[in-house]
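Next come the chains, spelled out residue by residue.
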Amino acid sequence: MSVLVTARFHTTVAQARQLPPDGIPEVAFIGRSNAGKSSAINVLCQRRRLAFASRTPGRTQALNFFAVGRGDEITGFIVDTPGYGYAAAPGAVRGAWDALAGTYLQARTALQGAVLMLDIRREVTDLDRHMLAWLPPALPLVVLLTKCDKLAASRQTIVRRQVMAQLAELGRGDQARVLLFSATTRKGIDEARAAVGHLLGERPDEPKKTPTKG
Ligand code: GDP
């Protein structure tokens, strides 16, 4: 069972000074507004409305922390960052995003990796490039090409290759894993769960040893 299915709401951070202590492994989920981030978080965590809690007024421009860990133990956090790129007041919103999410992504020691949601029909946009510039150069990246059910399988493969090339051009090719993903058809869920779990320090169960006689 993936550790992600233990996710529960932990805290909302509207200003950097409210961040919880920097230490337990964190993975940030990032993406343009409407890229499918909430749907991806909900389906990966097997919770219908977990990430939609981030839509509550007062939480939309905040970092929302979801704790993972078995029982009462917290072994990691999934950090839902504000979707970027709403047309309304782009300058002001971008400034606010940079001040909180950008700074968090750049400076957080506990950050083990980022999951970037890209709508497969839009690939890497200028806003995504702006955001990527905040990430530490060697940070592991899991890229989910979301809503892949909207394209034919042959087209999905072509776009995946294009996105890998675009990331390589941005100097992110080596540490990025690009997965086809659909919250609707559940394509890519197992791989995405394994990749995020790995970033949070989860290791696959040891193969069970059969006791040998004698
Ligand atoms: P967010 O703004 O990035 O959190 O995006 P949402 O998760 O709210 O999704 C934006 C829109 O895309 C919604 O209308 C979703 O129903 C739709 N959507 C999300 N994931 C998928 C998917 O895998 N397939 C399809 N066809 N639509 C999706």
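See above for the structure.
Report follows, based on the coordinates. (Residues numbered from 1 in each chain as written. Predicted model: local features only at pLDDT ≥ 70, side-chain atom pairs only at ≥ 80, totals over all residues. Heavy atoms only, no water.)

## A word on the overall build of the chain
Argument step 1. What the chain contains, in helices and strands, is five helices and seven strands.
Argument step 2. Ordered by position from the N terminus, the helices and strands of the chain form the series β-β-α-β-β-α-β-α-β-α-β-α.
Argument step 3. When contacts within the chain are restricted to residue pairs at least 6 apart in sequence, those whose partners lie at least 24 apart make up 76%.
Argument step 4. Of the accessible surface of the chain, which amounts to about 11000 Å², a share of 53% is contributed by carbon and sulfur atoms. (Helix = DSSP H or I, 4+ residues; strand = E, 2+ residues; numbered from the N terminus. Contact = heavy atoms within 4.5 Å. Areas by Shrake-Rupley, 256 points an atom, 1.4 Å probe, with all protein chains shown as cover.)

## Regarding the layout of surface pockets
Argument step 1. Quantified by volume, the second largest pocket comes out at close to 230 Å³.
Argument step 2. What lines the second largest pocket is a set of twelve residues, among which S2, A194, E202, R203 and P204 lie closest to the centre.
Argument step 3. Here the lining of the second largest pocket is composed, by residue class, of three nonpolar, three polar and six charged. (1 Å grid on protein atoms, 1.4 Å probe; cavity = no way out; pocket = protein on both sides within 12 Å on 5 of 7 lines; lining within 4 Å. Points joined across faces, edges and corners; volume = space filled by probe spheres on them. Nonpolar A, V, L, I, M, F, W, Y, C, P; charged D, E, K, R; others polar.)

## As for the packing of aromatic side chains
Argument step 1. Tallied over the entire structure, the rule returns four aromatic pairs.
Argument step 2. For the ring pair F9 and F66, a centre distance of 6.0 Å and an interplane angle of 65° mean the geometry is edge-to-face. With F9 in strand β1 (residues 8-13) and F66 in strand β3 (residues 63-68), this residue pair connects regions lying 57 residues apart in the sequence.
Argument step 3. Take F66: its relative accessible area is 1%, and that puts it in the buried class.
Argument step 4. Members of the aromatic cluster, each reached through a chain of ring pairs, are F65, F77 and Y104. (Phe/Tyr/Trp six-rings, centres within 6.5 Å; stacked < 30°, edge-to-face > 60°. Buried < 20%, exposed > 50% of the residue type's maximum accessible area, 1.4 Å probe, protein only.)

## Looking at the pattern of salt bridges
Argument step 1. Throughout the structure, instances matching the rule amount to eight salt bridges.
Argument step 2. Ionic pairing is found between R108 and E26, a salt bridge with its closest N-O pair at 2.7 Å. Highlighted residues: R108 in the loop between α2 (90-107) and β5 (111-119) and E26 in strand β2 (residues 26-31), separated in sequence by 82 residues.
Argument step 3. Of the charged contacts, one joins D119 and K147 as a salt bridge, the two residues approaching to 3.5 Å between their closest N and O atoms. With D119 in strand β5 and K147 in the loop between β6 (141-146) and α4 (153-169), this pair connects stretches of sequence that are 28 residues apart. (Salt bridge = Lys/Arg side-chain N within 4 Å of Asp/Glu carboxyl O.)

## Some remarks on the site of the ligand
Argument step 1. Surrounding the ligand, one finds 16 residues, the nearest of these being N34, K37, S38, S39 and D149.
Argument step 2. K37 has a polar backbone atom sitting 2.8 Å from an oxygen atom of the ligand.
Argument step 3. Between A183 and the ligand, the recorded distance is 2.8 Å, taken from a backbone N or O atom to an oxygen atom.
Argument step 4. The fraction of the free accessible surface of the ligand (580 Å²) that becomes covered by protein chains is 73%.
Argument step 5. Looking at the shell around the ligand residue by residue, the classes come out as three nonpolar, seven polar and six charged. (Near = heavy atom within 4 Å. Polar contact = N/O pair within 3.5 Å; in protein donor to acceptor, adjacent residues only side chain to side chain.)

Coordinates in, geometry out; function isn't part of it.
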